[in-house]
Each structure stands twice: as C-alpha cells, then as structure tokens.
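What the coordinates show
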Amino acid sequence: METIVTRFPPSPTGYLHVGGARTALFNWLYARKNNGKFVLRIEDTDTVRSTQASVDAIFDAMNWLELDWDEGPYFQSQRFDLYGEYLQKLLDSGDAYYCTCTQEEVEAMRQKATAEGGKPKYNGRCRERGLSRSDNAVIRFKSPLFGTTVVEDVIKGNIVFQNTEQDDFVICRSDGTPTYNFVVVVDDITMGINTVIRGDDHVMNTPKQILLYKALKSPLPVFGHVPMVLGKDKSRLSKRHGAMSVTAYRDMGYLPDAFINYLARLGWSHGDQEFFTRQELVEKFNLKNIGKSAGVFDLDKLTALNADHIRATSVRQLAPRVLPFFREKGYDAADDDYLAGVIGTLHTRSKTLVEMADGAHFYYRDDVRPYDEKAARKFLKPEMAWVLALLAVQLDALDDLAEKTQEGAFKKVMDEMGLGFGKIAQPVRVALTGTTVSPGIFEVIEVLGKARVLARLKAAVEFIESAGA
Ligand code: GLU
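These numbers were taken from a predicted model, which means no experiment stands behind them.

**Examining the overall build of the chain**
Helix and strand counts for the chain come out as 18 helices and 12 strands. Relative to a compact globule of 469 residues, whose C-alpha radius of gyration would be 23 Å, the chain shows 32 Å and is clearly more extended. Judged by the C-alpha coordinates and their principal axes, the chain covers about 105 × 45 × 40 Å. Considering the chain as a whole, with its 469 residues, one finds that 50% of them fall into the buried category. Intrachain contacts of the chain at a sequence separation of at least 6 include 74% that bridge at least 24 residues. Summed over all atoms, the accessible surface of the chain reaches about 22,500 Å², with 51% contributed by carbon and sulfur. Mean positive and mean negative side-chain charge positions of the chain (59 and 63 charges, respectively) differ by 5 Å.

**Digging into the sheet that holds strand 1 (residues 5-8)**
One open sheet holds the three strands; their spatial order is 1-2-3, and the pairing between them is parallel. The sheet terminates laterally at strand 1 and strand 3 (71-75), the two strands that pair on one side only. Sheet twist, expressed as the mean angle between neighbouring strand axes with direction ignored, is 25 degrees. Summarising the sheet, strand 2 (residues 37-42) and strand 3 pair through three bridges and their orientation is parallel. Each residue of the ladder has a partner; that of I42, found in strand 3, is F75. Sheet strands in contact with helix 1 (residues 18-33) are strand 1 and strand 2, and its direction is about 160 degrees off that of strand 1.

**Some words on the site of the ligand**
Every residue lining the ligand is accounted for by R7, P9, P10, S11, E43, Y180, V184, R198 and H202. For the ligand, a nitrogen atom lies 2.8 Å from a polar atom in the backbone of P9. Notes on the ligand: free accessible area 300 Å², of which the protein chains cover 81%. Given that more than half its atoms are within 2 Å of the pocket grid, the ligand belongs to the largest pocket. Of the residues assigned to the shell around the ligand, the class counts are four nonpolar, two polar and three charged.

**A few points about the packing of helix 11 (residues 315-328) against helix 12 (residues 336-346)**
Contact pair helix 11 / helix 12: the axes reach a minimum separation of 10 Å and the direction vectors enclose 95 degrees. Classed by the angle they form, the pair helix 11 and helix 12 counts as roughly perpendicular. Touching V315, L318, A319, V322, L323 and F326 of helix 11 are L339, A340, V342, I343 and G344, all from helix 12. The residue makeup of the contact of helix 11 with helix 12, split by class, is 10 nonpolar, one polar and no charged.

**Section: a positive patch on the surface**
Together, K374, K378, K381 and K423 line one region of the surface with positive charge. With respect to the helices, strands and loops of the structure, K374 is situated in helix 14 (residues 373-379). Classification of K374 by relative accessible area gives exposed; the value is 65%.

**Examining the pattern of salt bridges**
Any two side chains of opposite charge can pair, so long as their charged atoms come close to each other. Counted according to the given criterion, the structure contains 35 salt bridges. Between R278 and E66 there is a salt bridge, with the nearest N and O atoms lying 4.0 Å from each other. In this pair, R278 sits in helix 9 (residues 278-284) while E66 sits in the loop between helix 2 (52-64) and strand 3, placing the two residues 212 residues apart along the sequence. Judged by its relative accessible area of 13%, R278 falls in the buried class. According to the relative accessible area criterion, E66 is partly exposed, its value standing at 35%. The residue R321 makes a salt bridge to E66 at a minimum N-O spacing of 2.7 Å. Of this pair, R321 sits in helix 11 while E66 sits in the loop between helix 2 and strand 3, and the two are 255 residues apart along the sequence. On the basis of relative accessible area, R321 is assigned to the partly exposed category, the value being 32%.

**What about the pairing of strand 2?**
Side-chain positions along a regular strand alternate between the two faces of the sheet. Burial within strand 2 is extensive, with five of its six residues counted as buried. Two strands pair when backbone bridges link them, and strand 1 and strand 2 are joined in this way by four bridges, in the parallel orientation. Looking at strand 2, one finds that R7 is bridged to V39. Handedness of the crossover is the feature at issue here: the chain leaves strand 1, passes through helix 1, returns alongside strand 2, and the resulting connection is right-handed. Running through helix 2, the crossover from strand 2 to the neighbouring parallel element strand 3 is right-handed.

Rules used in this analysis
- Residues numbered from 1 in each chain as written.
- Predicted model: local features only at pLDDT ≥ 70, side-chain atom pairs only at ≥ 80, totals over all residues.
- Heavy atoms only, no water.
- Helix = DSSP H or I, 4+ residues; strand = E, 2+ residues; numbered from the N terminus.
- Rg over C-alpha atoms; globule rule 2.2 N^0.38 Å.
- Buried < 20%, exposed > 50% of the residue type's maximum accessible area, 1.4 Å probe, protein only.
- Contact = heavy atoms within 4.5 Å.
- Areas by Shrake-Rupley, 256 points an atom, 1.4 Å probe, with all protein chains shown as cover.
- Lys, Arg positive; Asp, Glu negative; His and termini not counted.
- Charge placed at Lys NZ, Arg CZ, Asp CG, Glu CD.
- Pairing = 2+ DSSP bridges.
- Axes fitted to C-alpha atoms, helices over the stretch in contact; angles between N-to-C directions.
- Near = heavy atom within 4 Å.
- Polar contact = N/O pair within 3.5 Å; in protein donor to acceptor, adjacent residues only side chain to side chain.
- 1 Å grid on protein atoms, 1.4 Å probe; cavity = no way out; pocket = protein on both sides within 12 Å on 5 of 7 lines; lining within 4 Å.
- Sits in = over half its atoms within 2 Å of the grid points.
- Nonpolar A, V, L, I, M, F, W, Y, C, P; charged D, E, K, R; others polar.
- Parallel < 35°, antiparallel > 145°, perpendicular 65-115°, else oblique.
- Patch = residues over 30% accessible without salt bridge, like charges linked within 9 Å, V, L, I, M, F, W, Y side chains within 5 Å.
- Salt bridge = Lys/Arg side-chain N within 4 Å of Asp/Glu carboxyl O.
- Right-handed = clockwise from strand over helix to strand, strands pointing away.

Shown next as structure tokens:
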C-alpha cells in the first residue's frame, strides 16, 4: 500500500488558531494512524504579512501540542527556483501564457461578464496571442473552456464545478511571484503529498488546483475539506469566543492531550466516546467519521475534558507540566517528594493547572496567616485553642503522619473534648490552610508533614489567644 503523506501548511501571518490546530491535528493523526508521513510547510510567500514571530508562534504551538513532523519545515520563500521550473513547464506545454492586460482592462472584462449574467471573469484576450515575457506580464493558466471539474471530497462527497465559470487565473504575478494555488500544487506534488485535509474555506480553490495537477500530469491527492469551527453563537470563531491562539490555552492550564482530544471531537467522532488518550486517537482516527457540520467551540466542555485528563494523568507525569505554574506563583517546588504529595491531593479536584497552582498556595506558604477573615471568625473561636493544642500534642506523639495513623490522634481529641469530627475538622483546616476549602484534612496533614502541621497549629492557637486578649 502507498505510504500516506499528509501535510500542514500554515501561512505565518498570525498565531496558530483553533481551526488551524485542528487541521494540523487531523493530518497528523491520519499520518500516524497509517504509519505515514506528516510534512510541515510554512507558506510564507506573502512577504508583507508573513513574520518570523508568527513562524515561531506556530512552532511553539506545534511543540506544545506534540504534533511532530517527519519532514520540513519547508519554507515556500526558499523554493522560488522550483516554482520557476514548473511555470516554465506549463508555458512549454501550452497550458499557460503571458498576459499583458492592465488591471483596468481586466476589471472592465469582469464587470462586463457580470453585466451579462455570468461570473466575473477575465475574457482570455491574451490566450492565443503568443506573447513572450515582459515587465508587466503576468502568467495565466489556460483553463478548459468546457466540461466540469469534480472535487471528490472524502468528507463532503462529490462537488461539481462548471469549467465555464472558471477563468484563466493568474499563476504568476507581474513581479515574478507565483500565486497561492500554483505553489501549493507544486509543493504538494514535489513533496509527495497524497492526502490533503484542510478547512473548507479552501474548497473554491480546489478545482483550480485539480486543473493544475492535470496539466502537470500528476495524480490527484485525496481531498477532504473540514467544516469550520464556530463559536457557541454559531458565528465564525473569533476573539470574543475566547482565546484564538492555541498557546493561550497552554497558559490557561490546559493539558496538550486534553486539548487535542477536544479538537479531535470538534468535527470527528467515534460513537459517543468523548475521552480519548493520544494513543487512542491515533488508533481510532479515520476520515470517514469527520462530520459534515461545523464544530462548535465550547470552553466549558474543553474545561471538563481537561479535568478528566488531569485526573487520568499520573502524578509523575503531571509534575513537569505543573512546575511552570508553581514557579510563576513563586513557590519553591524544589522538593520532588513534597511536590508529588501536593499534586496527589489536588489532581482529582483541579480543572486546570492554573487552578491546581492556586489550590497549592497554602502548601508553599511559610505562614498561612492572615487567615481568610470570615473563616477565622467562624472557626477559630476561643474554645478551639485547646482543641488545636491538644491535637498538636497527639500528632507530635506519632512516628509518622500517614492518614491511617492520624485517625487515632483525632479520635483521642474527640473523645477527650466530647466533640464530633465535624466540629474539629473546619478549625483544623483553617489553621492549616488559611481557608475553609482544601483537599481532605488527613491528606493535607500527611503531605504537609509534622513540622509544618505543628507550627501551623501553634500559630492558630496564638492567633486565637491574642484575639481573645
Ligand atoms: N496556507 C494555507 C492556509 O494557511 C493552507 C492552504 C492549504 O491547506 O492548501 O490557509
């Protein structure tokens, strides 16, 4: 069987956005699923709008999403000689010609065609003039005058275009720069691309490209045009629907595997399965199950899926992902065992890594004071000083603070003071974390360790005593 070769060819005129990332993902998945090749090509022929910053942003996003490529990155700006050769081929075979009509003349032709009830078209004036190269000449492709061009789309089915609606489009401008439809075809042919999956905003270009393939006597790739990604209000995804740049989601604390899981489901399905590991996506991905309707980007769904992925990721694997967020908050997370303990208590209760970093704050503070004011007022009451002091004594007497061992210490305090666990737990929580919301109190004590726990209980006792004084 022929090796599947797919490609992702972004134009570096901005960051990698959600729709672009999904196109990249589908091509990557299809190549990986079929043990094929995934090619990265930077389409930087628009020198005015292309920037190095955008190229860097695209690499950054691809790296974050772990979409690795087997070939490239190729840069179209470095391939002009090749495009020149292919232009010459078309000129030699009579499939292309020089045209010296001015812009005004072409505009007049287009208006006339429209006035006559047709599509705005160049009228083919220079088609048979046999002009040679000159300063103002563009090169046009000789489109067929009759018949149809059929895009056999694996997602949308056959789309039939009438050739009479197609004019002799420009493949090289008068300044010598080749146009998008032409360079894409030359690249896809010379890079051996046999599967083109892209956004359906390109579907109008495909008949032009098919005509070029035919003129160059090259086999057509498989085409699949993926419906757009829309915002929740069903309008085209834009900034007001949330961040556009893919890496913004990294900075908001989403895991790359959760993000690609979400992107994949935004236009592809496998029964009603929602959660996929990267490996499962690779195994199950196919073109057949790409949907015909637009995907709707829903941040809440992404967030819920992210929580599932965080939960399903081992503490060891989460640690390097969480660290940048901890560092940004100024936590000293040098102690790996402590870090593992901290993550262990938070990883079933954090929807994002940012939330996890927020939740870890109390673990990394030397002192949890000042306490949350309301919490202190409600739970650090005078009668609690003795309870907390007693608990400190009991915990101090233990060799280790494993959850099971602690139960005995709590039990002794409860018995001695005649209080239920419910009465003790919140004051202890406020003393240890500064707030009323935290992971389970036994887990927190185990992770904090004896020294921190005793110091915090002591501080709370002092706080209560000084408040009462
Ligand atoms: N460079 C084009 C874009 O960013 C991609 C063209 C294609 O996939 O053929 O939209």
